[in-house]
Amino acid sequence: MDLNILTYLGIMLLAALIAGKIVKQMRLPNVTGYLVIGLLIGPNCLKLLSEELIDHMDLVTELALGCIAFSIGAEFKTTFLKKVGKAPLVIGITEGVGAVLVVDTILLMLGYNVSFALALGAIASATAAASTMMIVKQYKTKGPVTSTLLPVVALDDAVALIAYGLSMAVANVISSSGSAPVSKLLIAPCVEIFGGLLFGAVLGVIMTLLVKVYTGRGNRLAITIMMICLCVGVSDMVGFSSLLACMMLSTIFANISKQSDKIYEPLDRITPPIYMMFFILSGASLDVTVIVSVGVVGAVYVVGRIIGKALGAAFGAKISKAPKVVQKWLGLTLVPQEGVAIGLATSAGKSLPQYAAQIQTIVLCGVVIYELIGPVITKLALKKAGELVEEPKKKASAKA
């Protein structure tokens, strides 16, 4: 069926709304529904969305990734970091690095391509904040594990972006030329990472100045979208990491602007449709025929990530002298994975097109698995830690 772009956008949003209602009844995260229905209407099933159309939807993907990174940057307020202390910061770093190291090590030992292993290892560091928060709010958990978990999850995606930026910078250089000069191996990653951070910081200062001049809600929302678009667009043109640039843009703005709280709330209101379309496109890109061929590496990714998270969290909790209950159970509360991982998989597919199908299929399948078992594991870990209050059973109705 040959329709115009606006009609396809309408179809994707309708599909996302329907999927959201269905998974809500099943008590599953919305992102799972978006991915599944995206797969159903994609080129590998009902073919409502063609491969050509998906390729032409880069604008949606790039904007969604920019918004995700911008939202993550807001978590790096110095006031927040001072408040939570060193333990969550240390654990956030060690659990993310733990997942990267375990997945990378196993894949390299099995003989997989270095760039491919680096990409999957970097994506493994991301954790789903939404699913974790859902469990904490639903069961009103309280205690040292919960109080440590929340800031760790808030910082986790920023750690994932940095790990991804470092890993992919190296992977891109390795994949571009097997005989690249040492100067290129050293300079290219530095330009991508530090160039992106510096560019984002400059835009953060400019954005702070602009919101002082333009005080209307509409104008400030326009400034926010403008800065994200400029940050992503220019970074892609000159070779900076657009994800790190957007994160730094938001971090600088959140720390030096007194108006930051008034900026993020309106943005949160308009981004859901963008995320819906992004996840629909991600699901539509899932090539189910590749699943059989990536069975071993998929298992390594899913299991290795959990082991790396658990070991990394335990190590970080120990060296930061967190309570023993945190050392024992915190790692298992970090299993869920969703939005940021999907975004990183999409980005990695563009950087390494020869592995795009494998990376996206492995990560998307992993996300579905994690979103099904992750909340259950998180709940059990918090229960074992003695911080979960079971929902009271409904009283039986009085006899007439």
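Here the structure is a predicted model, which is why all the values come from computation and not from measurement.

**Student:** Tell me about the overall build of the protein, residues and numbers included.
**Tutor:** Of regular secondary structure, the protein possesses 17 helices and zero strands. Relative to its full complement of 400 residues, the protein shows a buried share of 52%. Carbon and sulfur atoms make up 68% of the accessible area of the protein, which totals about 18,700 Å².

**Student:** Describe the packing of aromatic side chains, naming the residues involved and giving the relevant values.
**Tutor:** Enumeration over the complete set of coordinates arrives at seven aromatic pairs. Ring geometry for Phe70 against Tyr264: centres 5.3 Å apart, planes inclined by 35 degrees, an arrangement best described as tilted. Placement of Phe70 in helix α4 (residues 58-73) and of Tyr264 in helix α13 (residues 260-284) is noted, with a sequence separation of 194 residues between them. Just as Phe70 is buried, Tyr264 falls in that class too. Relative to Phe279, the ring of Phe278 lies with its centre 5.4 Å away and its plane at 55 degrees, an arrangement referred to as tilted. Here Phe278 falls in the buried class, since its relative accessible area comes to 0%. One aromatic cluster is present, built from ring pairs that chain together Tyr34, Phe278 and Phe279.

**Student:** Give me the environment of Ile377: which residues, what numbers.
**Tutor:** As for its position among the elements, Ile377 is in helix α17 (residues 356-384). Each C-alpha atom of the pair Ile377 and Pro336 lies 8.8 Å from the other, and the pair is 41 residues apart in sequence. In contact with Ile377, not counting residues within four places along its chain, are Leu332 and Val335.

**Student:** Give a description of the pattern of salt bridges that names residues and reports values.
**Tutor:** Taken as a whole and judged by the stated rule, the model has two salt bridges. Across the salt bridge formed by Lys309 and Glu95, the nearest N and O atoms sit 2.6 Å from each other. With Lys309 in helix α14 (residues 295-319) and Glu95 in helix α6 (residues 86-109), the pair connects residues that are 214 residues apart, well separated along the chain. An identical accessibility class is assigned to Lys309 and Glu95; each is buried. Note that Arg269 is salt-bridged to Glu265, the shortest N-O span being 2.4 Å. Pair noted here: Arg269 and Glu265 are both in helix α13, with a separation of four residues, about one helical turn. Overall, Arg269 belongs to the exposed group, its relative accessible area being 64%. Residue class for Glu265 comes out partly exposed when judged on its relative accessible area of 39%.

**Student:** Just give me the short version of the side chain of Ser235, but keep the residues and values in it.
**Tutor:** Its place among the elements puts Ser235 in helix α11 (residues 217-238). Look past the residues within four positions of Ser235 in its chain and what remains in contact with it is Phe199, Leu230, Phe240, Ser241, Ser242 and Ala245.

**Student:** Can you lay out the nonpolar core for me, pointing to particular residues and giving the numbers?
**Tutor:** Judged by nonpolar contacts, the single largest core of 94 residues is most densely connected at Leu120, Ile123, Ile280, Tyr301, Ile359 and Val363. Counting residues per element, this core draws most heavily on α13, which supplies twelve residues. Those residues in contact with Ile359 that sit more than four places away from it in its chain are Phe116, Ala119, Leu120, Ile123, Ala345, Ala348 and Leu352. Listed in part, the 18 residues of the second largest apolar core include Leu149, Val152, Val153 and Ala385.

**Student:** I'd love a proper account of the UniProt feature "transmembrane region" (unreviewed entry) in the protein, names of residues and values included.
**Tutor:** In the numbering adopted here, UniProt assigns the feature "transmembrane region" (unreviewed entry) to residues 6-24, 88-110, 116-136, 148-174, 186-211, 223-254 and 274-303. The straight-line gap between the two end C-alpha atoms of residues 88-110 is 33 Å; of that span, 96% is helix and 0% is strand. Counted over residues 223-254, helix gives 91% and strand 0%. Its end C-alpha atoms are 14 Å apart.

What counts, and at which threshold
Residues numbered from 1 in each chain as written. Predicted model: local features only at pLDDT ≥ 70, side-chain atom pairs only at ≥ 80, totals over all residues. Heavy atoms only, no water. Helix = DSSP H or I, 4+ residues; strand = E, 2+ residues; numbered from the N terminus. Buried < 20%, exposed > 50% of the residue type's maximum accessible area, 1.4 Å probe, protein only. Areas by Shrake-Rupley, 256 points an atom, 1.4 Å probe, with all protein chains shown as cover. Phe/Tyr/Trp six-rings, centres within 6.5 Å; stacked < 30°, edge-to-face > 60°. Contact = heavy atoms within 4.5 Å. Salt bridge = Lys/Arg side-chain N within 4 Å of Asp/Glu carboxyl O. Core = buried A, V, L, I, M, F, W, Y, C linked by side-chain atoms within 4.5 Å. UniProt positions renumbered as here; feature names shortened; annotations may be inferred.

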